Amino acid sequence: SPRNGSTCTATGFKNRPTDFPFRESCDSHSRRRFCDIRSIQMMFSRCSVSLFHAFFYLVVVHAVHVGGTILEPHRDLKAYRLLQDCRGCNHLEEVSASSVAALHYDPDLKDVNIVATYSDHYGNIRLGRVKLGDLSSSWVLENPAKKKASQLVIPRASFQNDTRMDESASHSTANQSGESEKQFPHLEFTSPVKLKRQTLRKERRGQRTLELIQQDKEIDEQIQEAAIDKSMSFENSVIGKYSIWRRDYESPNADAILKLMRDQIIITKAYANIAKSKNATKLYVFLMQQCGENQRVIGKATSDTDLPSSALDQAKSMGHALSLAKDELYDCHELAKKFRAMLQSTERNVDGLKKKGAFLIQLAAKTFPKPLHCLSLQLAADYFVLGFSAEDAGPKEDVSRKKFEDPSLYHYAIFSDNVLATSVVVNSTVLNAKEPQKHVFHIVTDKLNFAPMKMWFRMNAPGEATVQVENINDFKWLNSSYCSVLRQLESVRLKEYYFKANHPSSISAGADNLKYRNPKYLSMLNHLRFYLPEVYPKLDKILFLDDDIVVQKDMAPMWEVDMQGKVNGAVETCKESFHRFDKYLNFSNPKISENFDAGACGWAFGMNMFDLKEWRKRNLTGIYHYWQDMNEDRTLWKLGSLPPGLITFYNLTYAMEKSWHVLGLGYDPALNQTAIENAAVVHYNGNYKPWLGLAFAKYKTYWSKYVHYDNPYLRLCNINE
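Please read all numbers here as calculations on a predicted model, not as lab measurements. (Residues numbered from 1 in each chain as written. Predicted model: local features only at pLDDT ≥ 70, side-chain atom pairs only at ≥ 80, totals over all residues. Heavy atoms only, no water.)

Draft legend 1. Expanded view of the pattern of salt bridges. Overall, the coordinates contain nine salt bridges when judged by the stated rule. Linking K689 and D548 is a salt bridge whose minimum nitrogen-to-oxygen distance equals 2.5 Å. One end of the pair, K689, is in the loop between β16 (681-683) and α21 (697-704); the other, D548, is in the loop between β10 (541-545) and β11 (549-551), and 141 residues separate them in sequence. You'll find K689 and D548 in the same group, each marked buried. (Salt bridge = Lys/Arg side-chain N within 4 Å of Asp/Glu carboxyl O. Helix = DSSP H or I, 4+ residues; strand = E, 2+ residues; numbered from the N terminus. Buried < 20%, exposed > 50% of the residue type's maximum accessible area, 1.4 Å probe, protein only.)

Draft legend 2. Broad picture of the pairing of strand β8 (residues 439-445). Of all the seven residues making up β8, seven are buried; the element is thus mostly covered by neighbouring parts of the structure. In this structure, strand β7 (residues 410-415) lies alongside β8, joined through six bridges in parallel fashion. Paired with H411 across the bridge in β8 is V440. Since β7 and β8 lie parallel, the crossover through helix α10 (residues 419-431) that links them has a hand, and here it is right-handed. Pairing of β8 with strand β9 (residues 466-471) involves six bridges; the strand directions are parallel. Looking at the pairing, I443 lines up with V469 of β9. The handedness of the β8 to β9 crossover, carried by helix α11 (residues 447-459), is right-handed. (Pairing = 2+ DSSP bridges. Right-handed = clockwise from strand over helix to strand, strands pointing away.)

Draft legend 3. Spotlight on the sheet that holds strand β12 (residues 568-570). Spatial strand order, β9-β8-β7-β10-β13-β12-β14: seven strands in an open sheet with mixed pairing. In this open sheet, the two strands that pair with only one neighbour each are β9 and β14 (653-655). Taken pair by pair, the neighbouring strands of this sheet meet at an average axis angle of 25°, ignoring direction. Here α10 sits on the sheet and contacts β7, β8, β9 and β10; the angle it forms with β8, its principal contact strand, is near 175°. Against the sheet, α11 makes contact with β8 and β9, and its axis sits at roughly 160° relative to β9, the strand it touches most. (Axes fitted to C-alpha atoms, helices over the stretch in contact; angles between N-to-C directions. Contact = heavy atoms within 4.5 Å.)

Draft legend 4. Representation of the side chain of Q628. Take Q628: it is sitting in helix α18 (residues 620-630). With a relative accessible area of 4%, Q628 lands in the buried category. Setting aside anything within four residues of it in sequence, one finds Q628 in contact with S484, V485, Q488, H527, W637 and P644.

Draft legend 5. Spatial organisation of the packing of helix α3 (residues 256-277) against helix α6 (residues 332-366). Contact geometry of α3 with α6 gives a least axis separation of 10 Å together with a crossing angle of 120°. Accordingly, the angle class assigned to the pair α3 and α6 is oblique. Taken as a pair, α3 and α6 cross one another with a handedness that is right-handed. Mapping the contact onto sequence places I266, I267, A270, Y271, N273 and I274 in α3 and E334, L335, K338, F339 and M342 in α6. (Parallel < 35°, antiparallel > 145°, perpendicular 65-115°, else oblique. Left-handed = near helix turned anticlockwise from the far one by under 90°.)

Draft legend 6. Local environment of the confidence of the model for the protein. Looking at the protein as a whole, its pLDDT mean stands at 75, while 67% of the residues score no less than 70. Note on residues 501-512: pLDDT is under 50 here. Beyond four places in sequence and across chains, it has 16 contacts. (pLDDT = per-residue confidence, 0-100.)

Draft legend 7. Structural context of the state of the cysteines. In the structure shown here, the tally under the stated rule is two disulfides. Each sulfur of the disulfide joining C374 and C717 lies 2.2 Å from the other. Disulfide C374-C717: the torsion about the S-S bond is -75°, which places it as left-handed. Pair noted here: C374 is in helix α7 (residues 370-385) and C717 is in the segment after α22 (712-716), with a separation of 343 residues, a long-range link. Judged by its relative accessible area of 22%, C374 is partly exposed. For C717, a relative accessible area of 5% translates into the label buried. Here C574 is linked by a disulfide to C601, with a sulfur-sulfur distance of 1.7 Å. On the S-S bond that ties C574 to C601, the torsion sits near -95°, and the link is left-handed. Taken together, the positions of C574 in the loop between β12 and α15 (581-584) and C601 in the loop between α16 (590-593) and β13 (607-611) put the pair 27 residues apart, joining distant regions of the chain. Note on C574: relative accessible area 17%, which makes it buried. (Disulfide = S-S within 2.5 Å.)

Structural data, given as structure tokens:
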């Protein structure tokens with residue numbers, strides 16, 4: 001009771017004590033958030049019944065609504081006042097307390113003022129003042145000194161009724177707060193630190209929310225860009241829904257019904273065979289009919305969208321048939337035995353199909369396309385008809401001959417019988433060169449393609465660069481008495497290996513070595529790279545290029561690379577245990593195991609810088625001849641030029657930066673696109689050459705942009721982009 005001199009307090013809206021002072025200022029940011037006044041304290045040192053003691057006491061009341069209803073106030077709240085020194089509070093909207101609930105009060109205390117501070121649902125601070133006499137008996141006062149009891153929280157809306165605030169009430173409030181501070185020195189007030197912390201915490205949460213929203217937007221944009229890039233690089237040349245390149249673009253449940261029906265066919269065949277073995281003829285016929293019906297409904301469908309509308313009904317019918325068969329014929333041991341036999345039969349079929357597929361891929365990759373054959377014929381015919389053969393047979397210009405032998409220029413060696421591929425190598429190199437006049441191309445081809453090659457570069461000269469075309473048959477020093485590999489290529493044993501009539505079929509026993517029966521291994525052009533010092537005796541350095549590469553940068557810096565006394569500059573291809581010496585050489589033979597390290601890193605032909613001076617000094621051609629003679633029976637390695645290259649340049653190969661030479665565009669569809677675009681040279685090693693229909697569509701553009709498809713010879717032979 002206020003009469004006994006005790007302190008009268010009341011907890012505010014959230015049933016928690018507050019620690020911010022009555023007269024301290026609020027932060028300007030507090031207008032944006034709910035300034036919840038956790039408790040409202042009211043203190044009476046002696047709550048006298050006299051009017052003097054009721055003189056504008058600044059009190060904060062903890063009001064507990066003990067009844068179930070809130071009564072209408074006896075009279076409207078006349079005015080309310082602002083907190084003193086509250087920055088930003090002067091701009092707050094006015095509120096009213098026309099619907100303030102009543103509180104039980106003593107008649108002698110009817111003039112005691114109750115000041116309430118709260119926040120509305122917009123986060124604005126509201127101030128209200130009500131006479132104690134305006135509260136009904138459903139409100140009580142509680143002494144904070146007593147033991148805390150469970151309290152009900154009054155609705156915040158009780159103090160949120162709009163009213164007008166007059167200036168006199170505001171002024172009176174300011175005066176009363178000053179007097180209250182003098183009359184109640186023992187009243188504990190706290191600093192606005194806690195309110196400030198709450199404000200800053202709210203700001204941090206808001207800032208973090210904005211950051212997360214921005215991050216989400218950036219992530220969404222990245223996902224959209226990645227999806228666009230992925231769709232642009234989509235491989236559309238691969239045929240078949242079940243290709244591994246297209247499976248990622250299909251829904252995992254796109255063919256659920258189709259798979260179910262195919263599984264039903266397999267199980268039905270198993271039960272039908274069991275029924276036949278047990279003379280259950282009617283059931284056998286019924287199951288086979290259902291199986292045939294399933295196959296008819298499936299037809300050539302590759303997904304559920306291709307199935308007719310009756311497919312689901314047929315699947316249900318087949319399920320019923322299998323249920324009947326299971327009830328009559330189910331035998332776990334017998335069924336497992338039948339499935340095992342079916343699995344073995346399927347594996348044999350798959351193995352046969354793999355061999356056929358390997359044979360057809362090799363056939364398609366190594367067969368000369370008809371348009372390229374047409375190009376060679378047209379060029380050769382015009383070369384002789386127009387009389388260029390007689391002109392080239394005459395004496396050559398001294399200027400060109402000097403360039404061919406000038407060691408200060410950038411020299412390239414290209415050994416090929418493919419006119420179109422060679423033209424792409426030359427065009428791409430010249431177009432990316434900063435000083436094309438300093439680049440000299442030495443092209444060596446066979447007798448059959450010499451005229452087409454000469455005609456092409458006569459009609460399509462590569463700008464300021466110099467091109468020399470030679471016939472390998474004009475190298476009289478290259479004969480079987482000097483060249484070991486040429487002697488082996490002419491041997492009867494090797495001819496039998498390739499051409500013997502009763503040779504094992506490529507689709508059966510001999511399929512394991514199919515790739516080694518490639519016609520290129522019979523061509524001396526493939527081994528001419530080991531005679532570079534003899535072919536170009538006056539040059540010090542030369543860059544060897546295959547005809548299935550594309551140059552994307554200026555290659556002049558290659559001549560400035562310090563190879564530290566090594567002969568061959570190449571990019572290594574080993575990855576962990578892959579592409580090491582044991583992949584190419586037979587280390588079960590002591591001649592190999594005693595001289596070489598099985599774990600030595602392999603490298604690739606295709607773009608190699610050769611130091612011809614160091615080559616001659618070390619007599620590497622003689623080393624090559626020695627090992628070729630040792631491998632006449634093909635027990636050290638199988639055919640090809642890379643294994644003897646690994647042996648010849650063992651410990652003499654300088655590892656170039658990988659960005660110089662990116663390989664795999666002819667067999668690997670999952671190469672890093674950035675690495676390809678940043679590479680100086682990209683190499684289509686493998687079966688999927690860019691001039692074939694097998695080529696990967698996403699890689700073909702790097703090659704095709706250097707082909708002049710408007711050339712009349714290409715149009716005549718129907719060579720299109």
